[in-house]
Amino acid sequence: MKLTNQVLHAITPIATGRASRIGPSCIMPAIPYAHRAVLLPESDVMKAVLKASPGPGLELRTVPDPTPEYGEVVLQVRATSMCGTDGHVYQWDNWARQRIKPPRILGHEMYGEVVAVGKGVSSVRVGDRVAAESHVTCGKCFQCRTGNAHVCKNYTILGIDRDGSFAQFVAIPEAVCWKTAEEIPPELACMQESLGNSVHAVLSEDVTGHTLLVTGCGPTGLFAIAVARTAGAGTIIATDVSEYRLELARKVGANLAFNPQKEDPRAIPDRTNGEGIDACLEMSGHPSAIQLCFQYVKNAGRVVLFGIPNAPVPLDLARDVIFKGVRVHGITGRRLFETWYRLGGLFRGGLDIAPIVTHRMPLEEFERGFELMHSGQCGKVVFMP
């Protein structure tokens, strides 16, 4: 990225004096700094992976460098990880066809160094290392004004509704920046957005000392197991159809991990003294996994739904919910920014997600990354632009 005159004019010094904010309540001292160039390639273009036109697949292209608009910063991307949502866009399924407007650079799980700031930015400065909340909220709707910005009626998403981080540089709003300690490796720091989904899902219910069932051991399910173990869950049972991912589940804390297509699910009540599960975390979206949760949750238990089904799922509400007195909680995103603070506390409490990062590769090998994700023979795949 070459700092052109346009970029240099957009860079403004941070005001000294009073503290400034990231998110609703992260107090950070404002520090003055001089305009400075960053040692980057002398070019006005960058490499990026994008959906160039409607249809399956993605392309690696050279595109213009981003420049920060008012209230924005530009990151040099150090690491960016793949998400199941990116897989939907790659495959160009019905959801993607309705949501994505090509050309669009993908990627919403990111970590990088701030290399330019736009006018009006007061809490982030050149040289800061930040991750990013992917939901850009309006701040004006009923939900935003009542503490539920994670379900903002007017939100947009990085890498979906605006260009994202599968690139060497990305422009993002100052409001979504999350300052991150440099001691956290880039391949872990970039996953905080995704990890936050699982933190929200697990900690939406009391798990300490309780029995949990986690259906689906993709990255969010694996994160959920690691979070639940750190939060003091009693017995954690995990299910998936991939032995590769079941082994990862065991590594991050599952007491029992099995394939319900090959093994009898009646192992579940055997591990709960016939009582059933206190809290079920459905992370796959598969109809049979959803039904498994409602079958084995105990009376007055809880079912947390995060996985997204591809079609309506048949469910006997009277038998599986009403007569059992089950509490059902739908999860989308993270609570802004409450979940981020709790995530930091979990790291300090010993949360270890390193085993979930199974592959690191340059951006140019994005096709291999998507092949791994679609095969199920991976945990988290991280691109290092």
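Coordinates for the structure precede this section.
Calculation rules
Residues numbered from 1 in each chain as written. Predicted model: local features only at pLDDT ≥ 70, side-chain atom pairs only at ≥ 80, totals over all residues. Heavy atoms only, no water. Salt bridge = Lys/Arg side-chain N within 4 Å of Asp/Glu carboxyl O. Helix = DSSP H or I, 4+ residues; strand = E, 2+ residues; numbered from the N terminus. Contact = heavy atoms within 4.5 Å. Phe/Tyr/Trp six-rings, centres within 6.5 Å; stacked < 30°, edge-to-face > 60°. Buried < 20%, exposed > 50% of the residue type's maximum accessible area, 1.4 Å probe, protein only. Pairing = 2+ DSSP bridges. Core = buried A, V, L, I, M, F, W, Y, C linked by side-chain atoms within 4.5 Å. Axes fitted to C-alpha atoms, helices over the stretch in contact; angles between N-to-C directions. Parallel < 35°, antiparallel > 145°, perpendicular 65-115°, else oblique. Nonpolar A, V, L, I, M, F, W, Y, C, P; charged D, E, K, R; others polar.

> For this particular structure, what's the right way to read the pattern of salt bridges?
Pairing between side chains of opposite charge can happen when their charged atoms approach one another. Taken as a whole and judged by the stated rule, the model has 21 salt bridges. Residue aspartate 320 is joined to arginine 319 by a salt bridge in which the shortest nitrogen-to-oxygen separation is 2.8 Å.

> What am I meant to see in the environment of glycine 301 here?
Position of glycine 301 among the secondary structure elements: in strand E17 (residues 297–305). Each C-alpha atom of the pair glycine 301 and valine 321 lies 9.6 Å from the other, and the pair is 20 residues apart in sequence. Ignoring any residue separated from it by four or fewer positions in sequence, one finds glycine 301 in contact with Asp278, Gly325, Val326 and Arg327.

> Help me understand the packing of aromatic side chains in this model?
The geometry of an aromatic ring pair is captured by the separation of the ring centres together with the interplanar angle, meaning the angle of the planes. Within this structure, the stated rule accounts for six aromatic pairs. Plain terms: the ring middles of tryptophan 178 and tyrosine 341 are 4.9 Å apart, the flat faces sit at 75° to each other, and that makes the pair edge-to-face. One end of the pair, tryptophan 178, is in strand E12 (residues 177–179); the other, tyrosine 341, is in helix H12 (residues 338–348), with 163 residues separating them in the sequence. Exposure remark for tryptophan 178: the relative accessible area of 10% places this residue in the buried category.

> It is not clear to me how the sheet that holds strand E3 (residues 45–51) should be interpreted in this structure. Could you clarify?
Adjacent strands of a sheet form backbone hydrogen bonds with each other and so pair up, either parallel or antiparallel. Taken in spatial order, the three strands of this open sheet run E4-E3-E6, and their pairing is antiparallel. Here the strands that pair on one side only, and so sit at the sheet edges, are strand E4 (59–64) and strand E6 (104–105). As paired strands, E3 and E6 are joined by two bridges and run antiparallel to one another. Following the sheet pairing, leucine 50 is matched in E6 by isoleucine 105.

> Is there a simple way to explain unusual backbone geometry in this structure?
In this chain, proline 102 is followed by proline 103 through a cis amide linkage whose omega measures -5°. With respect to the helices and strands, proline 103 occurs in the loop between helix H3 (94–99) and E6. Cis rather than trans, the peptide bond between leucine 336 and phenylalanine 337 has omega equal to -10°. Here phenylalanine 337 lies in the loop between strand E18 (327–330) and H12. Phi angles above zero are rare outside glycine, and asparagine 273 is one such case at about 55°. The residue asparagine 273 is located in the loop between helix H9 (267–270) and strand E16 (277–282) in this model. Asparagine 273 gets classed as exposed once you look at its relative accessible area, which sits at 73%.

> Help me understand the nonpolar core in this model?
One recurring pattern in soluble globular proteins is that nonpolar side chains are buried together. By size, the foremost hydrophobic cluster in this structure holds 43 residues, and its most contacted members are Leu195, Ile225, Ala249, Leu281 and Ile353. At the level of secondary structure, the elements contributing two or more residues to this core comprise helix H5 (186–189), helix H6 (192–203), strand E13 (212–215), helix H7 (219–230), strand E14 (236–239), helix H8 (243–251), E16 and H12. Per element, the largest residue contribution to this core is seven residues, and it comes from H7.

> I tried to follow the packing of helix H2 (residues 84–91) against helix H13 (residues 366–375) on my own but got confused; where do I start?
The geometry of a pair of packed helices is captured by two quantities: the angle between their axes and the separation between those axes. Running from amino to carboxyl end, H2 crosses H13 at an angle of 110°, the nearest separation of the two axes being 11 Å. The angle between H2 and H13 places the two elements in the roughly perpendicular class. Along the contact surface, H2 presents Gly84, Asp86, Gly87, Tyr90 and Gln91, while H13 presents Glu367, Phe370, Met373 and His374. For the contact of H2 with H13, the residue count by class is three nonpolar, four polar and two charged.

> Could you clarify how one ought to interpret the sheet that holds E17 in this entry?
Spatially, E15-E14-E13-E16-E17-E18 is the arrangement adopted by the six strands of the open sheet, whose pairing is parallel. Two strands bound the open sheet, and with one partner strand each, they are strand E15 (256–258) and E18. Averaged over all pairs of adjacent strands, the angle between their axes in this sheet comes to 15°, without regard to strand direction. Bridge count for E17 against E18 is four bridges, and the pairing is parallel. Along E18, the bridge assignment pairs arginine 302 with arginine 327. Across the sheet, H7 lies against E13, E14 and E16, angled at about 175° from E14, the strand it touches most. Running over the sheet, H8 touches E14 and E15 and is turned about 175° from E15.

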